[in-house]
Amino acid sequence: MKLYEFQAKNILKAYNVSVPCGKTISQSNDASETFREIGRNRCVVKAQILAGGRGKRGGIHFVNTPEEALSCVTSMLGTRLATHQTNQKGAEIKYVLIEEAVSVKKELYLAITIDRSLCMPMLIACAEGGVEIEEIARRTPGKIIKEPADIFFGIHPFQARRIASQLNISGALSMRLNNLIVRLFRAFLENDCSLLEINPLAVTTDGEIYALDAKMDVDDNALYRHPEFDQCISYQDVSPAEALARKHRLSYISLDGNIGCLVNGAGLAMATMDIIKLHGGEPANFLDVGGDASLEQVAQAFKIILSDPKVRAVLINIFGGIMKCDVIASGIIQAIKEAGIHIPLVVRLEGTNVEIARKILDNSALSILCAKDMKEAARMAVTASQ
């Protein structure tokens, strides 16, 4: 789950990381008053979208008066901002962050991510902040500083000193940077992040260090440990179907096809989409109910698929291990009774309690097309969708 800049900064403040004084608004009428509340002669207005590259596309502006703030916010809210990290349509600006403008002496780059080859966190730094780190890594890879971090012992003092030295930071400022790195790593671990990026990390003219921007990605698989993030989900730019899937702990991604897929297991889900395409069809979604889904989860998954107006047929492909086939069958019937169904439904079941499941479906008096294997199921679904 990606967090907006203002959400990430609120978390970092709890770890004593210095961020500019600011406030997030969603109505242009609040802009002038917010400017006055911050109490600075100059502020920065920042569009809040879940993508980088805002500055190059007009998503960040400096303002000097409450009137300028009002005009800037009014021109932003409700519009769409396209960057190199969004599609051509761009992302809608629903929130705007107004912050004090900090007097910057030097901009740095600092991030913590997961190095999957080493299977451990990696701290990445660069003396050139405020720019695209990917471009620097491509042009001048020697400027990228990397330090692996142990999840048990954290960042060692000698590593923090080495990073400060390579960034040409010394004296009291070096100690501030060392403390900041330790705090950021603690925030990274305790919030189950897959990415924590500060770009730019600013050294101010009065010798302080501020996180001028913050990007935080939280591992979806760890959200059950963080009920405090539930309030963040409502801010996410997701469809109602995706929001419902998250609520019921279902892995769902909407696609462009017209055959809805309900599968247990990511591998089987990908194989199901592949075999649909092999037979000339297009999957409408990736939906993995997992290996131990409840009756309620199955019913909700079915409703999510039926809520997509593009779907012309549904393929349910279940291999029952821990997930019992009779639970799937009961969930299907429950969902159909609650939501109804007006499109063809193809079911392929195999594994635990499959005979019980088939009897449940047979006795339901519903019009269900049963397939004996994946190949037949895909062929039937493609034909039905046409």
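Computed from a predicted model, the values in this text were never measured in an experiment. (Residues numbered from 1 in each chain as written. Predicted model: local features only at pLDDT ≥ 70, side-chain atom pairs only at ≥ 80, totals over all residues. Heavy atoms only, no water.)

Digging into the overall build of the protein chain
Looking only at helices and strands, the protein chain has 13 helices and 19 strands in total. If one aligns the C-alpha atoms of the protein chain with their principal axes, the spans along those axes are about 75 × 50 × 35 Å. Within the protein chain, the fraction of its 386 residues that count as buried is 49%. Restricting to contacts in the protein chain with at least 6 residues of sequence separation, those with at least 24 account for 69%. Approximately 18,700 Å² of the protein chain is accessible, and the part contributed by carbon and sulfur atoms is 51%. Looking at charge distribution, the protein chain has the averaged site of its 43 positive side-chain charges lying 2 Å from that of its 44 negative ones. (Helix = DSSP H or I, 4+ residues; strand = E, 2+ residues; numbered from the N terminus. Buried < 20%, exposed > 50% of the residue type's maximum accessible area, 1.4 Å probe, protein only. Contact = heavy atoms within 4.5 Å. Areas by Shrake-Rupley, 256 points an atom, 1.4 Å probe, with all protein chains shown as cover. Lys, Arg positive; Asp, Glu negative; His and termini not counted. Charge placed at Lys NZ, Arg CZ, Asp CG, Glu CD.)

So, helix H13 (residues 374-385)
In this model, H13 (12 residues) spans 16 Å end to end at C-alpha, consistent with the 16 Å of a helix rising 1.5 Å per residue. Of all the residues in H13, the buried ones are Met374, Glu376, Ala377, Ala378, Ala381, Val382 and Ser385. Of the surrounding secondary structure, the elements contacted by the buried residues of H13 are strand S15 (259-263), helix H9 (266-278), strand S17 (313-320), strand S18 (345-351) and strand S19 (369-370). The backbone nitrogen of Lys375 has a side-chain oxygen 3.3 Å away, supplied by the residue at the start of H13, namely Asp373. (Expected span 1.5 Å × (residues − 1). Polar contact = N/O pair within 3.5 Å; in protein donor to acceptor, adjacent residues only side chain to side chain.)

Focus on the sheet that holds strand S4 (residues 60-63)
Judged by pairing direction, the sheet is antiparallel, and its four strands sit side by side in the order S2-S7-S3-S4 without closing on themselves. The strands lining the two open edges of the sheet, one partner per strand, are strand S2 (22-25) and S4. If you compare each strand with its neighbour and ignore which way they point, the axes differ by 20° on average. Pairing analysis gives six bridges linking strand S3 (residues 43-48) to strand S7 (residues 95-100), with the strands arranged antiparallel. From the neighbouring strand, Ala47 faces S7, where its bridge partner is Val96. (Pairing = 2+ DSSP bridges. Axes fitted to C-alpha atoms, helices over the stretch in contact; angles between N-to-C directions.)

What to know about the environment of Ala381
You can see Ala381 is positioned in helix H13. C-alpha of Ala381 to C-alpha of Ile163: the two residues are 218 residues apart in sequence and 57 Å apart in space. In this structure Ala381 touches Ile259, Ala313, Leu315 and Val346, once residues within four positions along its chain are discounted.

Remarks on the side chain of Asn199
Summarising the element assignment, Asn199 is placed in strand S11 (residues 193-204). A residue is classified by how much of its surface remains accessible, and Asn199, at 16% relative accessible area, is buried.

Topic: helix H10 (residues 295-306)
Across its 12 residues, H10 extends 17 Å between first and last C-alpha, which sits within 8% of the 16 Å expected from 1.5 Å per residue. All of the buried residues along H10 are Gln297, Val298, Ala299, Gln300, Ala301, Phe302, Ile304, Ile305 and Leu306.

Concerning the pairing of strand S10 (residues 145-148)
With burial as the criterion, only one face of S10 is covered, namely that bearing Ile145 and Glu147; the residues Lys146 and Pro148 on the opposite face remain uncovered. Both strand S9 (residues 120-126) and S10 contribute to a ladder of four bridges, which runs antiparallel. Among the inter-strand pairings, Ala125 is bridged to a residue of S10, identified as Ile145.

A short note on the packing of helix H5 (residues 157-166) against helix H6 (residues 171-190)
Running from N to C, H5 and H6 point in directions that differ by 125°, and their axes come no closer than 9 Å. What the angle tells us is that H5 and H6 run oblique. Along this stretch, H5 crosses H6, giving a crossing that reads as right-handed. Counted together, Ala160, Arg161, Ile163 and Ala164 of H5 and Ser174, Leu177, Asn178 and Ile181 of H6 form the full contact between these two elements. The residue makeup of the contact of H5 with H6, split by class, is five nonpolar, two polar and one charged. (Parallel < 35°, antiparallel > 145°, perpendicular 65-115°, else oblique. Left-handed = near helix turned anticlockwise from the far one by under 90°. Nonpolar A, V, L, I, M, F, W, Y, C, P; charged D, E, K, R; others polar.)

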